[in-house]
Amino acid sequence: MAAQLQLARDTHVYASIEDSTGERYYWKLPVLDGFSFSQSNATTEVTLAEMAGAGNSSRRGRKLFTDAFEPAEWNLQMYARPYDSTGPVVSGSTDEVLWSNFVNAGAYTHGSRSFLGGVEKVASATQMDIDFDESNVAALKTFNLFFVLGACGTLASAYNAGPGNDQTIYKVANAVCNSVSMDFDIDGILTLDWSGLGTLITEETAMPAAASGNWYDYIIDDGIAHSEANFIRNRLTTLGVATPGTVAPFGATTSYELTLTGGNISFENNITFLTPEELCVVNQPIGNVTGTRNISGSFTCYLNAGTTSGGAGTSADLFDDLASGTGVVTNSAALTFSIGGGAAPKVVVNIPTAHLEIPTHSIEDVISLEVNFHALPGDLDETNEATLEYHNA
C-alpha cells in the first residue's frame, strides 16, 4: 500500500465551542504556515550506584518511570482580518473565537452572532470591541482545537480520517489561549501570533458531531474568502501619545508626534496547568490556572531633534523627558495605536495608562529610538489596561 504523507500546507484548523443553547459550533481558522502542536511527558529515572562486589561485579542498571503528561502546547499565526458578518448582527474578525477565550468572554449566542461581554459587536455593524472586563478569573473556559491534515481541496463533509485514509485529525482538548503577540513591521500585514495550552492531544477518527446533526453544518467561516478589504497594512499605522502635561516627567508637553518604523504589542495570561502526582499512575493535566495578566510592547521611530507643526513634542523630546525624570516612580502616558491607519480596515489598540521606559538608541545609518512600554490598570483590581477595536471596511 502506498504511503499516505501529510503536508503542513494541506491543513485546516477549527476551534470549537458551545453556544448558550448547548449547540456546538466550529470556527474555521485561516492559519499561516508554521503552526505547531506537541505534548511531552515527565519522567523519573532511578539509577544504581554501588561499589564493587565479589569478582569485581557491580550492578549498573536503571529504570525509567513515566510520571505524567505535560500540558499540550500549540501555536499558530493568523492575519488580523475584520469582516462584516453575514449573520443577523454585525461585524467580527476571523480570530474572534480566540479573543473570546483569551479575555474570558461570556456565552456565545449564535442567533445574534455575539458574545456576552468581552467581545462586543458594535451596533454600527462595522466594529468589534474587545476588553478585559471579564478576565479577572482563576481559570479560563476552554475550547477544543482540531488540526485536520490533508484537508485542502476536500469538502468538510467528505473528511475521511484514520490510518490509510486521506485525512488525519488531531484534537487538542480543553485548549486555552495563553498569549498573543501583534507585530506590525513596516513592510508586512498585521499578524497575530497565538500560543496556548491544552490537556491532551489525541488522534480522532472523525470530527465530533454537533448536538443537532452534522458538524459541518455548524462551521463559521465568515471573512475567510480572499479579499483585499480585510487585510491590514502595517505601513499605514499611526501612534498617538498623550500625557498629563503638568505631571513629571513630561513637564508641559501634552502630546508627542511620533512616526513609527515598527512595533509590537504582546498580551499574556501566564497560564499554568495543574497535574496530580500519584504513584503508579500516568497523571494527566486536570485544569488551567491563570497568572498575572501582562500587556506590554515596544515601538520604534527615528530620532527627530527638530520641531513639529502642531507644537507637539518630538521623539528627542520624549527621550529627554523620560531620561530626566529621575524622581518619577511610575510615569503615565495614553497610547493609541491605529494599526492600518485612519481608515478601515484597521485595528485600534487603546492603552490609557502606559508606563514608558527610557528609550534606547539604535545607531544605524539613520539613528532611531526604541521605547518599551507596559500597560497598567487604573488600580490593582481593575481590568482597564487596554481595549481593542476591529474596524471593518
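First, a word on scope: everything that follows refers to the structure included in this document. Because the structure is predicted, anything quoted here is derived from the model rather than measured.

Rules behind the numbers
- Residues numbered from 1 in each chain as written.
- Predicted model: local features only at pLDDT ≥ 70, side-chain atom pairs only at ≥ 80, totals over all residues.
- Heavy atoms only, no water.
- 1 Å grid on protein atoms, 1.4 Å probe; cavity = no way out; pocket = protein on both sides within 12 Å on 5 of 7 lines; lining within 4 Å.
- Points joined across faces, edges and corners; volume = space filled by probe spheres on them.
- Helix = DSSP H or I, 4+ residues; strand = E, 2+ residues; numbered from the N terminus.
- Nonpolar A, V, L, I, M, F, W, Y, C, P; charged D, E, K, R; others polar.
- Phe/Tyr/Trp six-rings, centres within 6.5 Å; stacked < 30°, edge-to-face > 60°.
- Buried < 20%, exposed > 50% of the residue type's maximum accessible area, 1.4 Å probe, protein only.
- Salt bridge = Lys/Arg side-chain N within 4 Å of Asp/Glu carboxyl O.
- Contact = heavy atoms within 4.5 Å.

1. With respect to empty space enclosed by the protein
So, step 1. For the structure on display, the rule yields one cavity of 30 Å³ or more.
So, step 2. The space that makes up the largest cavity amounts to roughly 40 Å³.
So, step 3. Contributing to the lining of the largest cavity are W27, K28, Y83, T94, I220, D221, D222 and I224.

2. Remarks on the layout of surface pockets
So, step 1. Quantified by volume, the largest pocket comes out at close to 320 Å³.
So, step 2. Those elements giving two or more residues to the lining of the largest pocket turn out to be β1 (11-18) and β2 (24-29).
So, step 3. If you tally residues by element for the lining of the largest pocket, the top one is β1, at three residues.
So, step 4. Across the lining of the largest pocket, the residue classes tally to nine nonpolar, two polar and four charged.

3. Some words on the packing of aromatic side chains
So, step 1. Applying the stated criterion across every chain yields a total of 25 aromatic pairs.
So, step 2. Aromatic pair W74 and F143: ring centres 6.2 Å apart, planes at 75°, arrangement edge-to-face. Placement of W74 in strand β6 (residues 72-79) and of F143 in strand β13 (residues 143-149) is noted, with a sequence separation of 69 residues between them. Both residues of the pair, W74 and F143, count as buried.
So, step 3. In textbook terms, an aromatic cluster arises when at least three aromatic residues are bridged by ring pairs, as seen for Y14, Y26, F146, Y159, W215 and Y216.

4. Comments concerning the pattern of salt bridges
Pairing is possible between side chains of opposite charge, provided their charged atoms come close.
So, step 1. Tallied over the full model, the rule gives eight salt bridges.
So, step 2. The shortest N-O distance in the salt bridge between R9 and D33 comes to 3.5 Å. In this pair, R9 is assigned in the segment before β1 and D33 in the loop between β2 and β3 (36-38), connecting sequence segments 24 residues apart.
So, step 3. Two residues, D222 and R113, come together in a salt bridge whose shortest N-O distance is 3.5 Å. One end of the pair, D222, is in the loop between β17 (219-220) and β18 (238-242); the other, R113, is in the loop between β9 (108-109) and β10 (114-115), and 109 residues separate them in sequence.

5. Details of the environment of G240
So, step 1. Its place among the elements puts G240 in strand β18.
So, step 2. Residues G240 and E257 lie 17 residues apart in sequence; the distance between their C-alpha atoms is 7.2 Å.
So, step 3. Excluding its chain neighbours within four sequence positions, the residues that come into contact with G240 are A334, L335 and T336.

6. Focus on unusual backbone geometry
So, step 1. In this model, A248 is joined to P249 through a cis peptide bond whose omega is 5°.
So, step 2. Inspection of the secondary structure puts P249 in the loop between β18 and β19 (255-258).
So, step 3. In this structure, the amide linkage connecting A344 to the following residue, P345, adopts the cis form with an omega of 5°.
So, step 4. Structurally, the position occupied by P345 is in the loop between β24 (333-339) and β25 (346-356).
So, step 5. Of note in the backbone geometry, N56 takes a positive phi value of approximately 65° without being a glycine.
So, step 6. With respect to the helices, strands and loops of the structure, N56 is situated in the loop between β4 (41-47) and β5 (62-69).
So, step 7. For N56, a relative accessible area of 66% translates into the label exposed.
So, step 8. In this model, N104 sits at a positive phi of 60°, which is unusual for a non-glycine residue.
So, step 9. Mapped onto the elements, N104 comes out in the loop between α1 (96-102) and β9.
So, step 10. Here N104 falls in the buried class, since its relative accessible area comes to 9%.

Function-wise, these values are silent; they only describe arrangement.
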